[in-house]
Amino acid sequence: MRHQRRTPPAARSTAGHTRAVLQTVAMPDVIVIGAGMAGAATTWALARRGRSVLLVDRFTRGHDRGSSHGAERIFRFGYTDPAYVTLAQESLAGWQLLQAGAGQPLLDANGVVDHGDDAELAAVESACAAEGVRTEMMTPQEAAARWPGVRFDGPVLHQPDGGRVRSDLTLEACWDQAVDAGAEIRFDAPVRRVRRTGSGVAVTVGGDVVTARVAVVAAAGWSSELLEPDVAAKLVPPITVTAETVAFFQPTRGPWPSFIQRGDTLAYGLGTPDGLVKAGLHGVGPVIDPDDRPSQVPGAVEALEGYARDWLPGVEPAALRSTVCLYASSATDDFVLDRDGPIVVGVGFGGHGFKFTPAIGERLADLADEALGLRPAGNSPFTTARAAGTT
């Protein structure tokens, strides 16, 4: 399906003007909309299963307009909800498979430490234990001796099998391995709408109408506007798009694990592949239109420099650089992996989804296979109703 057959153009002249008529493209099994890591992982999963699949994205390859750009992401198991711990375990196997195909390191198991809210740490420890994930509870003195770049003022939960994903390399590897498995990818291919037909879906992509048996929509804050209103109301909960800032600091000591500081505001950070320390505050940025992403957020870097002065004694607290990325979050911060007929939706990953994307891709591929009649319908814990806060 690398080469698409097109029907002959049907443009006609009316009153001296040429009216452009869309061309219909031959039917793949599945069209995936959004080539960030969730859509890329879904395409990779479907292609490995032998499905014919087309992945499209409105932006150019390697763009920074969404949530998947950048060189690093935290990989961790540390959630209070066992469903997310399980999803992380599934993802670990996927990262390892992707890494084997890439022939280069994509996942660095340099550990994750959680500190801050003692009750949350106990809940994380319990959820991890229930799912068989290794953890180690440490005193602040023990943790400071091992990781002197971070200040701890209470118990610390260490996940030795967590660490860091090299996100830019994983995204490229996922695209490449999907194509190697038979998928087609088109960048600079904006989708205008997705509608149901008697045989599946019709997706308007630039000047083409692509007909497919199933559509998987993984277009973050743009997802709802692409769908028919009744489908959007059923599958896409209210999604809030925010502009979130991360800053990069020069370390003065190490080593650096990935770290999460729990509290009223969650802070996080990790060592980067190029030797810096990245830090951010989770979900504090302004609400924006996803088409109007700012290059900087007033006061955000200063807030991160203040955090570095207070909690990261192992860095120079003046930020070397910063960047802004988009969160597209549900009301509960839960993911949506759900289906209605031939439409599958994956949204609401809101700043903590990247680590899970191999498993997200497999689960969205499962939903697509349900729509194709290739597997029986199952029960997903990541429903639209849960993410909307109605269950």
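Figured I'd write up the structure that's included with this text.

This next bit is on the sheet that holds strand 10 (residues 156-159). As summarised here, the arrangement of the eight strands in space is 9-10-8-18-19-20-17-21, forming an open sheet in which the pairing is mixed. Of all strands in the sheet, those bounded by a partner on one side alone are strand 9 (136-138) and strand 21 (321-329). Adjacent strand axes in the sheet meet at a mean angle of 20°, parallel and antiparallel pairs treated alike. Pairing of strand 8 (residues 112-115) with strand 10 involves four bridges; the strand directions are antiparallel. Looking at the pairing, V112 lines up with Q159 of strand 10. Sheet strands touched by helix 3 (residues 118-130): strand 8, strand 9 and strand 10. Its angle to strand 10, the strand with the most contacts, is close to 30°. Across the sheet, helix 8 (residues 300-311) lies against strand 8, strand 17 (240-249), strand 18 (258-261), strand 19 (267-271), strand 20 (277-281) and strand 21, angled at about 50° from strand 17, the strand it touches most.

As a packed pair, helix 1 (residues 37-48) and helix 5 (residues 167-180) sit with axes 8 Å apart at the nearest point and diverge in direction by 30°. Relative to helix 5, the element helix 1 is oriented roughly parallel. Classified by chirality, the crossing of helix 5 by helix 1 is left-handed. Where helix 1 approaches helix 5, its residues M37, A40, A41, T43, W44 and A47 are matched on the opposing element by T170, L171, C174, W175, Q177 and A178. When grouped by side-chain class, the residues that make up the contact of helix 1 with helix 5 number nine nonpolar, three polar and no charged.

Membership of the largest hydrophobic core comes to 57 residues, with the highest contact counts inside it found for V30, W95, L98, W175, F335, F356 and I360. Counting residues per element, the ones that place at least two in this core are strand 4 (30-33), helix 1, strand 5 (53-56), helix 2 (82-102), helix 3, helix 5, strand 16 (214-217) and helix 9 (357-371). For this core, the element with the most residues is helix 1, which contributes eight residues. Here V30 is in contact with L46, S52, V53, L54, A212, V214, V216, A368 and L372, once residues within four sequence places are set aside. Ranked by size, the runner-up nonpolar core spans 36 residues in total, among them I31, A215, L235 and L326.

What follows covers the packing of aromatic side chains. Evaluation of the coordinates by the stated rule reveals 13 aromatic pairs. Plain terms: the ring middles of F59 and W222 are 5.8 Å apart, the flat faces sit at 65° to each other, and that makes the pair edge-to-face. One end of the pair, F59, is in the loop between strand 5 and strand 6 (73-75); the other, W222, is in the loop between strand 16 and helix 6 (223-226), with 163 residues separating them in the sequence. Seen from their ring centres, Y84 and F335 are 5.1 Å apart, and the 80° between their planes marks the pair as edge-to-face. One end of the pair, Y84, is in helix 2; the other, F335, is in the loop between strand 21 and strand 22 (336-340), and 251 residues separate them in sequence. Grouping residues by exposure puts Y84 and F335 together as buried.

Rules used in this analysis
- Residues numbered from 1 in each chain as written.
- Predicted model: local features only at pLDDT ≥ 70, side-chain atom pairs only at ≥ 80, totals over all residues.
- Heavy atoms only, no water.
- Pairing = 2+ DSSP bridges.
- Helix = DSSP H or I, 4+ residues; strand = E, 2+ residues; numbered from the N terminus.
- Axes fitted to C-alpha atoms, helices over the stretch in contact; angles between N-to-C directions.
- Contact = heavy atoms within 4.5 Å.
- Parallel < 35°, antiparallel > 145°, perpendicular 65-115°, else oblique.
- Left-handed = near helix turned anticlockwise from the far one by under 90°.
- Nonpolar A, V, L, I, M, F, W, Y, C, P; charged D, E, K, R; others polar.
- Core = buried A, V, L, I, M, F, W, Y, C linked by side-chain atoms within 4.5 Å.
- Buried < 20%, exposed > 50% of the residue type's maximum accessible area, 1.4 Å probe, protein only.
- Phe/Tyr/Trp six-rings, centres within 6.5 Å; stacked < 30°, edge-to-face > 60°.

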